[in-house]
Amino acid sequence: MSTTADSRTAAAAGAAEVAADSGLVKGLGLTSATTLVMGSMIGSGIFIVSAEIAREVNSPGLLIMAWVVTGFLTIVGALSYGELAAMMPKAGGQYVYLRESLGPLWGFLYGWTLFLVIQTGTIAAVGVAFGKFLGHFFPSVSATQWIWHIAKVPEWHVTSQIVLGGMNVGLNTQNLAGIVVVVFLSILNVFGIKLGAAVQNVFTIAKVSALAGLVLVGIFVGRNPKAVAANFTDFWRLGAAHSAGGADTNGVLLGPFVGILTILAVAQVGSLFSADAWNNVTFTAGEVKNPRRNLPLSLALGTGVVIALYIAANFIYLGVLPLIGDPHGTTVFARGIQYASSDRVGTAVMQEMFGTTGAALMAVAIMISTFGCCNGLILSGARVYYAMAKDRLFFKATGEIQPKYHTPKNALIVQCIWTCILCLSGTYGDLLNYVIFAVLVFYILTIAGLFILRVKQPQAERPYKAVGYPVLPAIYIVMALFIDVVLLRYKPQYTWPGLIIVLLGIPVFLIWSRRTRAATA
């Protein structure tokens, strides 16, 4: 496909989208846009992933450093996206930025991966997490309580390190709870952006308050002298395996500095996903009031507050429980952060402070958090498929607006159906792991597009310009590339399948583009 043809296609698509956006209602102010950023970021991850990070880094200082690095990348990414959002305040957000800077193919590959795995897989995982914590109060809600067990998919050893399959497929009470949440919120969001935003505001305020409450209680009530001594006496210590610099998968020792960087890069997986989805507000740009001002502000405010809470929460974890724990420990304190039951660090911390009452309170907080997170992801994700349909790169019906409520009803329905299938498949968790690499690739490409658009469109109106350009966006690209290279090397079981999912979109794009050209000829 020629560059000229791509340019004509992109220009026509952009014109169509501007016209289509007039059917959407600008119902999101600065408060709603900011709560969408925060609400999409805060799910269940902050309460869980620190256990795995602790096992990987084996050091209190590196646990905090993993979250600091994630915070830096997230805030720099958000500040960079702010320029693109103010420059192109259209429905579809990141899809549009990639389309305009790199061409329709790259926009499609992002939208393809978003629909197939990233957005829908995240919604499925967060929805089922709601069911998991609902099981704290109702034991009958469990992954082992099958309503319809279809099959156990056999494992397929692609290589010695890449194993696919092995999941149970069917309907159990836990994923049923997730499906009910997804269907309910998808229907609710059909009835107008203002209703969806109102739900988002309420639940985001509730879960931010819960997370802030955890931090405050930890500061004034939960401080445990034994945990403080264990974690802060030698804050930057490394475990025996890391002190020599770490080793690669072939047992070859690395230099200490390179080893620490590699350990941190691998550990970013959990923290990056816990802080992800901040870009979702850009998908709804066509419905944001005064988007040239409110989109950059909401990105900066939302990511800044959440990252501050995340880092503070991890200091609280270290103040209540020791990082190093015993997997066979009989008490919450003995198991520590590394081996908190089912990796539920937040629950373990509350249980250590307040007993079973604290564990119950944390379960309620996480249910509120996951419900609000699902709503934000459902509300925003449908806008990307709507924008793709306007470019004739997705099902035509998903580009239609519900005439009474002015919402992309069909896009919401299609997203809901595929998400429910992922809930049943039992693969959503694996799929999310598979696209860790791909998510970072698209962030890198989008921020690289910032540089490209500065050259291609120097006269374009830019109400807001990225803070620290070109230094901070360039640092982001280098750091994210390093993490991706390390993940390719050390977690091939996740990265290569994710890359394959993205590449499968190329023939789909060519087929869809050919059909579009034939229809318009």
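So, here is what we can say about the structure in this document. (Residues numbered from 1 in each chain as written. Predicted model: local features only at pLDDT ≥ 70, side-chain atom pairs only at ≥ 80, totals over all residues. Heavy atoms only, no water.)

### Here we look at unusual backbone geometry
Right, on to step 1. In this chain, tyrosine 469 is followed by proline 470 through a cis amide linkage whose omega measures 0 degrees.
Right, on to step 2. Position of proline 470 relative to the elements: it lies in the loop between helix H19 (436-456) and helix H20 (471-490).
Right, on to step 3. One non-glycine residue, asparagine 58, adopts positive backbone phi at about 60 degrees.
Right, on to step 4. By the element assignment, asparagine 58 lies in the loop between helix H3 (50-57) and helix H4 (60-87).
Right, on to step 5. Located in the positive-phi region is histidine 406, a residue other than glycine, with phi close to 55 degrees.
Right, on to step 6. In this fold, histidine 406 is placed in the loop between helix H16 (356-390) and helix H17 (409-425). (Helix = DSSP H or I, 4+ residues; strand = E, 2+ residues; numbered from the N terminus.)

### Looking at empty space enclosed by the protein
Right, on to step 1. Evaluation of the coordinates by the stated rule reveals 2 cavities of 30 Å³ or more.
Right, on to step 2. In this structure, the largest cavity spans a volume of roughly 130 Å³.
Right, on to step 3. In this structure, the largest cavity is lined by Leu73, Thr74, Leu272, Phe273, Ala275, Asp276, Trp278, Ile436, Val439, Leu440, Tyr443 and Tyr476.
Right, on to step 4. For the lining of the largest cavity, the element with the most residues is H19, which contributes 4 residues.
Right, on to step 5. Here the residues of the lining of the largest cavity are counted per class, giving 10 nonpolar, 1 polar and 1 charged.
Right, on to step 6. By volume, the second largest cavity amounts to about 30 Å³.
Right, on to step 7. Every residue lining the second largest cavity is listed: Leu28, Ser32, Thr35, Leu36, Gly196, Ala197, Gln200 and Leu379.
Right, on to step 8. Those elements that place two or more of their residues in the lining of the second largest cavity are helix H2 (30-41) and helix H8 (193-222).
Right, on to step 9. Per-class residue counts for the lining of the second largest cavity are 4 nonpolar, 4 polar and no charged. (1 Å grid on protein atoms, 1.4 Å probe; cavity = no way out; pocket = protein on both sides within 12 Å on 5 of 7 lines; lining within 4 Å. Points joined across faces, edges and corners; volume = space filled by probe spheres on them. Nonpolar A, V, L, I, M, F, W, Y, C, P; charged D, E, K, R; others polar.)

### Examining helix H22 (residues 505-520)
Note: α-helices contain 3.6 residues per turn, so residues at a spacing of three or four share the same orientation.
Right, on to step 1. Counted at 1.5 Å a residue, the expected span for H22 with its 16 residues is 22 Å, and the 22 Å between its end C-alpha atoms agrees.
Right, on to step 2. Where H22 is buried, its residues contact helix H6 (104-134) and helix H21 (492-503). (Expected span 1.5 Å × (residues − 1). Contact = heavy atoms within 4.5 Å.)

### A closer look at the packing of H6 against H16
Right, on to step 1. The interhelical angle for the contact between H6 and H16, taken along N-to-C directions, is 160 degrees, at an axis separation of 9 Å. Judged by the inter-axis angle, H6 sits roughly antiparallel to H16. Seen along the crossing, H6 lies across H16 with a hand that is left-handed.
Right, on to step 2. For the contact of H6 with H16, the residue count by class is 21 nonpolar, 8 polar and no charged. (Axes fitted to C-alpha atoms, helices over the stretch in contact; angles between N-to-C directions. Parallel < 35°, antiparallel > 145°, perpendicular 65-115°, else oblique. Left-handed = near helix turned anticlockwise from the far one by under 90°.)

### Some thoughts on the side chain of glutamine 174
Right, on to step 1. Mapped onto the elements, glutamine 174 comes out in helix H7 (residues 173-190).
Right, on to step 2. Excluding its chain neighbours within four sequence positions, the residues that come into contact with glutamine 174 are Val128, Gly131, Lys132, Val141, Ser142 and Ala143.

### Remarks on the environment of leucine 36
Right, on to step 1. For leucine 36, the position within the fold is in helix H2.
Right, on to step 2. For the pair leucine 36 and leucine 321, spaced 285 residues apart in sequence, the C-alpha to C-alpha distance is 32 Å.
Right, on to step 3. With sequence-adjacent residues up to four places away left out, leucine 36 is seen in contact with Gln200, Val281, Thr284, Gly376 and Leu379.

### Quick look at the packing of H6 against H17
When two helices pack together, you describe them by how their axes are tilted relative to each other and by the distance separating the axes.
Right, on to step 1. Where H6 contacts H17, the two axes come as close as 9 Å, and the packing angle between them is 65 degrees. Here H6 runs over H17; the crossing is right-handed. Facing H6, whose interface residues are Phe115, Leu116, Gln119, Thr120, Gly121, Ile123, Ala124 and Val128, H17 presents Val414, Gln415, Trp418, Thr419, Leu422 and Cys423.
Right, on to step 2. Classifying every residue of the contact of H6 with H17 gives 9 nonpolar, 5 polar and no charged.

### Points about the environment of valine 126
Right, on to step 1. Within the element layout of this structure, valine 126 appears in helix H6.
Right, on to step 2. Classification of valine 126 as buried rests on a relative accessible area of 9%.
Right, on to step 3. On a C-alpha basis, the gap between valine 126 and methionine 367 in space is 9.6 Å, while along the polypeptide they are 241 residues apart.
Right, on to step 4. Ignoring any residue separated from it by four or fewer positions in sequence, one finds valine 126 in contact with Thr370, Cys373, Cys374 and Leu377. (Buried < 20%, exposed > 50% of the residue type's maximum accessible area, 1.4 Å probe, protein only.)

### Details of the packing of aromatic side chains
The description of an aromatic ring pair uses the distance of the two centres, along with the angle that the planes make with each other.
Right, on to step 1. What the rule picks out here adds up to 24 aromatic pairs.
Right, on to step 2. Their ring planes at 25 degrees and their centres at 6.3 Å tell us that phenylalanine 108 and tryptophan 112 sit as a pair that is stacked. Taken together, the residues span about one helical turn, with phenylalanine 108 and tryptophan 112 both in helix H6 at a distance of 4 residues.
Right, on to step 3. By relative accessible area, phenylalanine 108 is classed as buried at 1%.
Right, on to step 4. Ring geometry for phenylalanine 235 versus phenylalanine 315: centroids 6.5 Å apart, planes at 10 degrees, classification stacked. In this pair, phenylalanine 235 sits in the loop between helix H9 (225-232) and helix H10 (240-243) while phenylalanine 315 sits in helix H13 (residues 291-320), placing the two residues 80 residues apart along the sequence.
Right, on to step 5. Given the relative accessible area of 16%, phenylalanine 235 is considered buried.
Right, on to step 6. Using a relative accessible area of 37% as the deciding quantity, one classes phenylalanine 315 as partly exposed. (Phe/Tyr/Trp six-rings, centres within 6.5 Å; stacked < 30°, edge-to-face > 60°.)

### Comments concerning the side chain of arginine 462
Right, on to step 1. Mapped onto the elements of the fold, arginine 462 is located in the loop between H19 and H20.
Right, on to step 2. With relative accessibility at 11%, the residue arginine 462 sits in the buried group.
Right, on to step 3. A polar atom in the side chain of arginine 462 sits 3.2 Å from the side chain of glutamate 83.
Right, on to step 4. Those residues in contact with arginine 462, other than ones at most four positions away along the chain, are Glu83, Met87, Leu453, Arg454 and Gln457. (Polar contact = N/O pair within 3.5 Å; in protein donor to acceptor, adjacent residues only side chain to side chain.)

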